[in-house]
Amino acid sequence: ARFPGLPACVAVQATLPTVSYSAAYGLVLGLCGLDVRDLPLARWPLLEMAIGVPRLGGRAAGSLLHQLHVETVGASGEAGRVRAQGTKPWIRVGRRQVLTDFAALVAIRAPANLLSRLAEGLQGKIRLTSAPWAGDSNFGFDRLALSHDRPPVHWYAPPEAGQAPRGSCRLPVWVDRVDNATSTERLVAPLRAPAAEPPPSAWVAVPAAAGPGLSA
């Protein structure tokens with residue numbers, strides 16, 4: 001894509017309007033101090049999540065310039081690899097959108113022991129595998145906390161068939177870094193009327209179909 005004021009060599013990475021289900025799942029596991037990367041998928045914790053925002057249009061998209069390290073495919077970049085002597089051979093300038101002044105509420109259904117561990121992680125009572133970060137290790141959070149009062153928010157849910165309400169987007173549900181063909185996303189939009197409880201259509205199971213033993 002071409003953007004006014006940017007040379008053609010600059011890649012632009014757009015941002016989603018809210019946190020995705022896959023990102024929220026990773027954040028929850030990180031706050032629980034769980035590293036499941038070496039475990040088979042069948043042993044990953046099963047969660048159901050719903051995502052809401054306190055106000056519509058209540059975020060600003062800024063941007064910053066950064067380096068993009070690109071890995072070439074096959075033998076196409078062999079000469080560059082030799083010249084780079086083990087470092088990444090292709091570095092280009094990129095402009096990345098970032099959300100500022102952004103707030104979201106993630107409702108979670110999970111086994112009771114996982115919810116207890118999440119609370120302990122937010123209170124600093126367990127050792128985390130890494131510092132919580134927002135989509136990139138350079139970005140952090142101003143505040144992460146459990147909300148017990150359940151304030152009314154605009155929940156993201158699938159729009160009716162044939163409808164494309166304002167704010168519609170495709171939020172990743174599951175990202176497979178090995179086989180992208182199995183990655184999944186969901187077309188959703190923020191509901192116009194705020195509600196304290198997520199409607200049934202707002203709940204999404206990650207990483208697979210939800211089973212018994214879950215609590216909100």
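Note that the structure is predicted; figures quoted are calculated from it, not measured.

Rules used in this analysis
- Residues numbered from 1 in each chain as written.
- Predicted model: local features only at pLDDT ≥ 70, side-chain atom pairs only at ≥ 80, totals over all residues.
- Heavy atoms only, no water.
- Buried < 20%, exposed > 50% of the residue type's maximum accessible area, 1.4 Å probe, protein only.
- Helix = DSSP H or I, 4+ residues; strand = E, 2+ residues; numbered from the N terminus.
- Pairing = 2+ DSSP bridges.
- Salt bridge = Lys/Arg side-chain N within 4 Å of Asp/Glu carboxyl O.
- Polar contact = N/O pair within 3.5 Å; in protein donor to acceptor, adjacent residues only side chain to side chain.
- Contact = heavy atoms within 4.5 Å.
- Core = buried A, V, L, I, M, F, W, Y, C linked by side-chain atoms within 4.5 Å.
- Phe/Tyr/Trp six-rings, centres within 6.5 Å; stacked < 30°, edge-to-face > 60°.
- Lys NZ or Arg CZ within 6 Å of the ring centre and 35° of its normal.

(A) Geometry of the pairing of strand β2 (residues 47-53). Counting buried residues along β2, seven of its seven residues qualify, which places the element largely inside the surrounding structure. Neither face of β2 is open: one carries L47, M49, I51 and V53, the other E48, A50 and G52, and all of them are buried. Both β2 and strand β9 (residues 204-206) contribute to a ladder of three bridges, which runs antiparallel. Its bridge partner lying in β9, E48 is registered against A205. Where β2 lies against strand β5 (residues 105-109), five bridges are found, and the strand directions are antiparallel. Note that in β5 the partner of I51 across the bridge is V106.

(B) Region of interest: the pattern of salt bridges. Counted under the stated rule, the structure contains three salt bridges. With its nearest N and O atoms 3.6 Å apart, the salt bridge here joins R109 to E48. Linking R109 in strand β5 with E48 in strand β2, this pair joins segments that are 61 residues apart in sequence. Given the relative accessible area of 30%, R109 is considered partly exposed. Note on E48: relative accessible area 15%, which makes it buried.

(C) Fine view of the side chain of H154. By secondary structure assignment, the location of H154 is in strand β6 (residues 154-157). At 2.8 Å, the side chain of H154 and the backbone oxygen of L191 are in polar contact. Ignoring sequence-local partners within four residues, the contact set of H154 consists of I51, G52, V53, P54, R55, L56, P190, L191, R192, A193 and P194.

(D) Structural detail: helix α1 (residues 21-31). Within the span of α1, buried status applies to Y21, A24, Y25, V28, L29, G30 and L31. With its phi angle positive at about 75 degrees, G33 sits one or two positions after the end of α1.

(E) Up close: the nonpolar core. Ranked by size, the top nonpolar core spans 24 residues in total, and within it Y21, Y25, L47, M49, I108, Y156 and V206 carry the most contacts. Ranked by residue count, the leading element in this core is α1, at six residues. One finds A50, A107, V153 and W203 within the second-largest nonpolar core, a separate group that totals seven residues.

(F) Representation of the packing of aromatic side chains. Across all of its chains, the model carries three aromatic pairs by this definition. Both rings, one in Y25 and one in W44, keep their centres 6.4 Å apart while their planes meet at 5 degrees; by these two values the pair is stacked. Linking Y25 in helix α1 with W44 in the loop between α1 and β2, this pair joins segments that are 19 residues apart in sequence. Given the relative accessible area of 3%, Y25 is considered buried. It is R109 that lies over the ring of W203; its NZ or CZ is 3.9 Å from the centre.

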